[in-house]
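What the coordinates show
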Amino acid sequence: MRQVFNDPVHGHIDLHPLLIKIIDTPQFQRLRSIKQLGVSYFVFPGAAHNRFEHSLGVAYLAGEFVRILKEKQPELNITDKDLLCVQVAGLCHDLGHGPFSHVFDSLFIPKVRPGIKLKHEHLSVKMFDHLIKEKANKGVLEVFEEYGLNEHERYFVKELIGGPQEEQYEDEKWPYEGRGKEKAFLYEIVANERNGIDVDKWDYFARDCHNLGITNSFDHQRFMKFARVIKVKGKMQICFRDKEIDQLYEMFYTRNALHRKAYQHRVTKIIETMIVDALVKADPHLKLFPRKDGTTLTMSQSLDDMHAYTHLTDSVINYISLSTNEELEESRTILENVFKRKLHKFVGKILLPEDVKAEDLVHMNKQICAALPAKMLRGAQLEEKAVTVRVVKMDFGKGAKNPLDHVCYYSKNDPSKAKLIDKDQVSHMLPRSFLDRYVYLYCRSHDEDSLWKAKLCFEKWCEVKGFGKPEPGNILPPEPSEKTPEKQVRKRSSSPATPRKPKMGKLQTCDQP
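The text that follows walks through the structure, step by step, so that each part is easy to find.

The rules behind these values
Residues numbered from 1 in each chain as written. Predicted model: local features only at pLDDT ≥ 70, side-chain atom pairs only at ≥ 80, totals over all residues. Heavy atoms only, no water. Buried < 20%, exposed > 50% of the residue type's maximum accessible area, 1.4 Å probe, protein only. Helix = DSSP H or I, 4+ residues; strand = E, 2+ residues; numbered from the N terminus. Pairing = 2+ DSSP bridges. Salt bridge = Lys/Arg side-chain N within 4 Å of Asp/Glu carboxyl O. Phe/Tyr/Trp six-rings, centres within 6.5 Å; stacked < 30°, edge-to-face > 60°. Contact = heavy atoms within 4.5 Å. Axes fitted to C-alpha atoms, helices over the stretch in contact; angles between N-to-C directions. Polar contact = N/O pair within 3.5 Å; in protein donor to acceptor, adjacent residues only side chain to side chain.

**As for the pairing of strand 10 (residues 435-443)**
Taken across its nine residues, strand 10 has seven buried, putting it largely inside the fold. As judged from the six bridges shared by strand 7 (residues 345-351) and strand 10, these two strands associate in the antiparallel manner. Each bridged residue has a counterpart across the sheet, and for leucine 351 the counterpart in strand 10 is tyrosine 438.

**So, the pattern of salt bridges**
The full count for this structure, using the stated rule, is 31 salt bridges. For the salt bridge of arginine 113 with aspartate 304, the shortest nitrogen-to-oxygen distance reads 3.2 Å. You can see arginine 113 sitting in the loop between helix 5 (102-112) and helix 6 (120-133) and its partner aspartate 304 sitting in the loop between strand 6 (296-297) and helix 13 (306-309), a full 191 residues away along the chain. A relative accessible area of 54% places aspartate 304 in the exposed class. A salt bridge links lysine 460 to glutamate 463, with the nearest nitrogen and oxygen atoms 3.9 Å apart. You can see lysine 460 and its partner glutamate 463 sitting in helix 18 (residues 448-465), three residues apart, about one turn around the helix. On the basis of relative accessible area, glutamate 463 is assigned to the exposed category, the value being 54%. Salt bridges here are not isolated pairs; linked through shared partners, they connect Asp82, Glu153, Arg179 and Lys183.

**Quick word on the packing of aromatic side chains**
Within the structure shown, the criterion is met by 24 aromatic pairs. With a centroid separation of 6.0 Å and 75 degrees between ring planes, the pair formed by phenylalanine 128 and phenylalanine 144 is classed as edge-to-face. In this pair, phenylalanine 128 sits in helix 6 while phenylalanine 144 sits in helix 7 (residues 140-146), placing the two residues 16 residues apart along the sequence. With centroids separated by 5.8 Å and ring planes inclined at 85 degrees, the aromatic side chains of tyrosine 253 and phenylalanine 396 adopt a geometry described as edge-to-face. Of this pair, tyrosine 253 sits in helix 11 (residues 245-263) while phenylalanine 396 sits in the loop between strand 8 (387-395) and strand 9 (409-410); the two residues are 143 residues apart in sequence, bridging distant segments of the chain. What makes tyrosine 253 partly exposed here is its relative accessible area of 32%.

**Looking at the sheet that holds strand 10**
Judged by pairing direction, the sheet is antiparallel, and its four strands sit side by side in the order 8-10-7-11 without closing on themselves. Looking along the sheet, the strands with just one partner apiece sit at the ends: strand 8 and strand 11 (471-472). Sheet topology places strand 7 next to strand 11; two bridges connect them, and they run antiparallel. Among the inter-strand pairings, glycine 348 is bridged to a residue of strand 11, identified as proline 472. Of the strands in this sheet, strand 8 and strand 10 are in contact with helix 11, which crosses strand 8 at around 165 degrees.

**As for the sheet that holds strand 3 (residues 227-232)**
With mixed pairing, three strands are arranged side by side in an open sheet as 3-4-9. Edge strands, defined here as strands with exactly one partner in the open sheet, are strand 3 and strand 9. Sheet topology places strand 3 next to strand 4 (residues 235-241); six bridges connect them, and they run antiparallel. Each residue of the ladder has a partner; that of lysine 231, found in strand 4, is methionine 236. Contacts from helix 3 (residues 51-72) reach strand 3 and strand 4 within the one sheet, and its direction differs from that of strand 3 by about 70 degrees.

**With respect to the side chain of histidine 10**
Looking at the element boundaries, histidine 10 is found in the loop between strand 1 (3-7) and strand 2 (11-15). Residue classification places histidine 10 among the buried positions, given a relative accessible area of 14%. Only 2.7 Å separates the side chain of histidine 10 from the side chain of aspartate 203, close enough to count as a polar contact. When near neighbours in sequence (up to four residues on either side) are disregarded, histidine 10 contacts Gly57, Tyr60, Leu61, Asp203, Arg207 and His220.

As structure tokens, this is what we get:
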């Protein structure tokens, strides 16, 4: 029997029995303990939702989208297996997330396993395989077979989650094996690599806005009604009604607003850095995660063993905080500073020019600290370890490119023909550029001299690079305690004079009291 969930975003949703079987496994239940927005919960009290409910929402929207296409275009020959596979992919697409979601795969993994390029999608595919093969999950494989999802169909699900399973393929060659070109549109529903318009985004836009208290002006329900599959360059693509192009730009504006207000918030970014520092320092001393044979692995080692990885969630910081192990003392101190809001100080930020290349941003810590010599700082040189630099990117999902350049549209008069619409045909008020990059500078030390040095060095570095003057942070560091006589004189002369008591003139008489 199908089961009904009361979702705060989508209302009452019912899910297929196979999805219920997957939901009731430890591999899926662990998503209850992984925050959807990572460390943003430390900044936004409402951001307490988890990957669990997001995955339910994506599965529901994936099913709704496929049903709409199936009813509107019977000629697409969408089968019940197609529908179920897409729903399973939507449900399982985030199985591979680690503690604090993207913080784990984008910041932690590169530091502890620098030799591998591992994204959460790859781990989701591995966890999906493990979920099916795990003997403790009795009956899961049988339920897959019962509904016709054999090995070939399960391979199709993994392609929907992680993209082509082949690492190298020619552009003209169809990279997928689960379905042919005639059903290429099915690969655009859960994770759309072509233009980023997919149900995964639609759910987290609605869900994150709901929990963050940010207005969501994008209506995904209306948008699905105006979707249509049309053959474009030999492949069946999902196209949209031409009059909905404004709604599409609105969708990406919503994405940009979420990044600016929440995901890339200056406090969020530094808490990310501090928590990753704590996890990296704790990793060698934290053999907590059990393999099937009873031996235990560290966080970095568990990436190779999905049985151990199943036990790795946000709760790892609770263990560190409560541990009395002396080897975890440094990590405990960092976490305690996060909990007590003793964060690194935000010195300032600068918007980078568009022509700055990635290679120009290497070793920025060293460059900023060396921007001013020690003699100009009236003391020791600013040390690299005293500052933290974060490069923050904000875009529409395709870097410097406009994702809507990869969207095809149809008109009411000819719904079988797809066309491209240039942004200049839509409005002259649309963005000229689709990528902003900022450099955020933080000072690890709270003492006055370090804050002052970091501020001066950052300003000088921006000046030398030709970036302009940086926007100051939330600190106004006082001048160093050892001031030169010139500064003292200047400070005295610039200070407002004490107002003198005005002289009293002769008393003027008047007729009225």
